[in-house]
Amino acid sequence: GVKLLLHGLCSNTSVKSLDLKGNNLRNVGAEALGKLLRQNKSIRSLILEWNSLGVWEEGFSFFCQGLGANNFLQRLDLRNNQINHQGAGELAVALKQNASLQELDLRWNNIGLLGGRALLNCLHSNKTLRRLELAGNNVPGDILKAVEQAMNHNQDRQTILSETQNRTYILSKEVLSLKDEKTKQFLDLMDTIDKQREEIARSGRISAARVSQLQEALDEQHSIMNSLKAKLQMTEAALALSEQKVHNLGELLSAVKQEQASMAECHFMELRQQKQEGADREGKLLRDLSAASEKNLLLRNQVDELEKKCKVQQDQLFQVKQDLTNTTAELKLRAVQAEERLEMEKKRFKQSLEDMESLRVKEVDHMTQHIETSERSMQDRIQRLEAIRIALEEELSQVKAAALAERGQAEEELIKVRNQARLEERQQLEHLEEKLRLMTESRDEAQNCCIKQKQMIAEAQAKANQLSLHADGLRRQLEELQQDLKSKEEEKVTEVNKVKVELQEHIGHLQAERTAQDGLREKIAALERQLKALSSNHREALLDKESEISMLLEKLRMKEADISRMREEEAQRASFLQNAIMAYVQGSPLGTHSSRK
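Just so we're clear, the structure is a prediction, and the values are computed from it rather than from any experiment. (Residues numbered from 1 in each chain as written. Predicted model: local features only at pLDDT ≥ 70, side-chain atom pairs only at ≥ 80, totals over all residues. Heavy atoms only, no water.)

Draft legend 1. Focus on helix α2 (residues 26-39). Under the 1.5 Å per step criterion, the end-to-end length of α2 is 20 Å for 14 residues, consistent within 8% with the ideal 20 Å. Where α2 is buried, its residues meet α1 (2-9), β1 (17-19), β2 (45-47) and α3 (57-69). (Helix = DSSP H or I, 4+ residues; strand = E, 2+ residues; numbered from the N terminus. Expected span 1.5 Å × (residues − 1). Contact = heavy atoms within 4.5 Å.)

Structure below.
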């Protein structure tokens, strides 16, 4: 039934949690679970408590292979499944391949010391597992503490990765917003430039009839241009200050790099010192072994001397008493048996020494492997931090390049606007000069006409009465013309007011640009703060590594204490052997006979 159920779930995409607690799955069920984990991509939680999966070795190995191939399961419960150290080893191989599992519950199984070590070794390559429960498995306390430390490191690593991803996402958003704001500002500038061009063209058309007002307008435009130049100088100074800030940021980054390099060199020096201390300890152990071998030689010499004394006593006994030949033969047989026993005890002692040396070599190899793995993890973390720093530097360089490009475009546009304004001013001046020339010609013609009229006044006195009436009409026309002039002057005043309002609007646009530059400065300050926060996080990570190194040193000290304790036990055993040999020699018949003599 379980096989059919799991076969149906292989293609399911809606089930997120599966609870099969206490169903006696056996070998076929374990194989079906392995196939399910290979094919299903939706299940996030799997509970298999009280199923005795560890009893079926082949099925459990197939289940572990499916777990290693799965990249979607996040929680797995294997409590009370009779998993031994071999099953724990297969689980460790699966965890090395898996990159999605976050919680694993292995309580109340039979993992033991070997299984605990296998799981601890797999945690060096697995960086996603956050929780691993091993209670009730006869696992030593030091391995449980090491597993807890590895889980804490994985949690810290994942939190740091999530924070860096959030920061990069926020920075990318800010960069995009800055680009949008700058494009909007550029478009606004282009619109304002187009409007100014249209207004200048319209003012040029109107200025053909109003020379005096145009001169005043030109003076006002000159003052405006001077103010714009001053504002441009202010913006250039602000850009220079921003470049100085960017340079200071680069110097801070270089200082942080130097600090990281110095910290790495210190760590390398400490590791070298630890290796030298290990070599010194190995030399001490070799010396102790040489001393023990010397003690064994002394014991052998003493045994040889005792044998010589026995032979001398036997010769004396042969010379004095020939009747005691049977007793001497028996004594010789006993001496041979004693020698055989001594040789057997020597062989046992040598075997115990060889076993102790092999254990010590294995422990030293294990410690060196653990130190090498820690060094590799440190180097990987340093490389990741350097990659993050390089990415930040590239983003800063891109922002600088964009700012420089925009500044160059703005400068080119300002130069174009200046050139166009100058050309238009020259054209207007030439037009005004032509109008002045025409006015002077008309004035000369009017003077000539006046001279002709004076000549004709004498002739026109007769017609004065008729002309008086015509003069009244002309006066009325003059009054109408004066009224027209007043209306035109009012129109000129309104146009001047419009020009002033437009200039005020242009000043408002410039102030808005200044506020935008202030916002850019604030964003640069925020980036500086983020860089400082990243440097503080890097320092905290380095402090964590230093604490790990201190823990390793404490473990080395504990190992040294164990080695010293083993040396003391070996010395006690040697003393016990020596006392036993002396007691045996004293209690033998040869010893009693020599004492009687």
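Draft legend 2. Representation of empty space enclosed by the protein within the structure. Counting across every chain of the model gives 6 cavities of 30 Å³ or more. Size it by volume and the largest cavity reaches roughly 180 Å³. Contributing to the lining of the largest cavity are 13 residues, with Leu171, Leu392, Glu395, Leu396 and Leu527 lying nearest its centre. Listed by contribution, the elements that provide at least two residues to the lining of the largest cavity are α6 (141-206), α8 (325-460) and α9 (464-587). Examining the composition of the lining of the largest cavity, we find that 5 residues originate from one element, α6, more than from any other. Per-class residue counts for the lining of the largest cavity are 9 nonpolar, 1 polar and 3 charged. (1 Å grid on protein atoms, 1.4 Å probe; cavity = no way out; pocket = protein on both sides within 12 Å on 5 of 7 lines; lining within 4 Å. Points joined across faces, edges and corners; volume = space filled by probe spheres on them. Nonpolar A, V, L, I, M, F, W, Y, C, P; charged D, E, K, R; others polar.)

Draft legend 3. Here's a closer look at the pattern of salt bridges. Under the criterion given, the structure shown has 13 salt bridges. With its nearest N and O atoms 3.5 Å apart, the salt bridge here joins Arg79 to Asp105. In this pair, Arg79 is assigned in the loop between β3 (75-77) and α4 (85-97) and Asp105 in strand β4 (residues 103-105), connecting sequence segments 26 residues apart. Exposure remark for Asp105: the relative accessible area of 10% places this residue in the buried category. (Salt bridge = Lys/Arg side-chain N within 4 Å of Asp/Glu carboxyl O. Buried < 20%, exposed > 50% of the residue type's maximum accessible area, 1.4 Å probe, protein only.)

Draft legend 4. Spotlight on a negative patch on the surface. A cluster of acidic residues, Asp304, Glu305, Glu339, Glu340 and Glu343, forms a negative patch at the surface. For the negative patch, the secondary-structure elements that each account for two or more residues are α7 (211-320) and α8. Among the elements that line the negative patch, the one with the most residues is α8, at 3 residues. Position of Glu340 among the secondary structure elements: in helix α8. For Glu340, a relative accessible area of 48% corresponds to the partly exposed category. (Patch = residues over 30% accessible without salt bridge, like charges linked within 9 Å, V, L, I, M, F, W, Y side chains within 5 Å. Areas by Shrake-Rupley, 256 points an atom, 1.4 Å probe, with all protein chains shown as cover. Lys, Arg positive; Asp, Glu negative; His and termini not counted. Charge placed at Lys NZ, Arg CZ, Asp CG, Glu CD.)

Draft legend 5. Highlighting the sheet that holds β3. If you trace the 5 strands from one edge of the open sheet to the other, you get β1-β2-β3-β4-β5, paired in parallel fashion. The sheet terminates laterally at β1 and β5 (131-133), the two strands that pair on one side only. Shown here is a sheet whose adjacent strand axes are inclined to one another by a mean of 0°, direction ignored. Bridge count between β2 and β3: 3 bridges; the pairing is parallel. Considered in β3, the bridge of Ser45 is made with Arg75. (Pairing = 2+ DSSP bridges. Axes fitted to C-alpha atoms, helices over the stretch in contact; angles between N-to-C directions.)

Draft legend 6. A look at the nonpolar core. Judged by nonpolar contacts, the single largest core of 45 residues is most densely connected at Leu48, Phe63, Leu76, Leu78, Leu104, Leu106 and Leu132. Looking at this core, the elements that each hand over two or more residues are α1, α2, α3, α4, α5 (112-122) and α6. The contact partners of Leu76, leaving out residues within four places of it in the chain, are Leu46, Leu48, Phe63, Leu67, Leu101, Glu103, Leu104 and Asp105. Judged by nonpolar contacts, the second largest core, of 6 residues, contains Leu249, Leu253, Leu392 and Leu534. (Core = buried A, V, L, I, M, F, W, Y, C linked by side-chain atoms within 4.5 Å.)

Draft legend 7. Inspection of the side chain of Asn137 at higher detail. Its place among the elements puts Asn137 in the loop between β5 and α6. There is a polar contact of 3.2 Å between the side chain of Asn137 and the backbone oxygen of Leu134. Those residues in contact with Asn137 that sit more than four places away from it in its chain are Leu106, Arg107, Trp108, Asn109, Asn110, Ile111 and Gly112. (Polar contact = N/O pair within 3.5 Å; in protein donor to acceptor, adjacent residues only side chain to side chain.)

Draft legend 8. Examining the packing of aromatic side chains more closely. Tallied over the entire structure, the rule returns 1 aromatic pair. The side chain of Arg38 reaches across the aromatic face of Phe62, ending 5.9 Å from its centre. (Phe/Tyr/Trp six-rings, centres within 6.5 Å; stacked < 30°, edge-to-face > 60°. Lys NZ or Arg CZ within 6 Å of the ring centre and 35° of its normal.)

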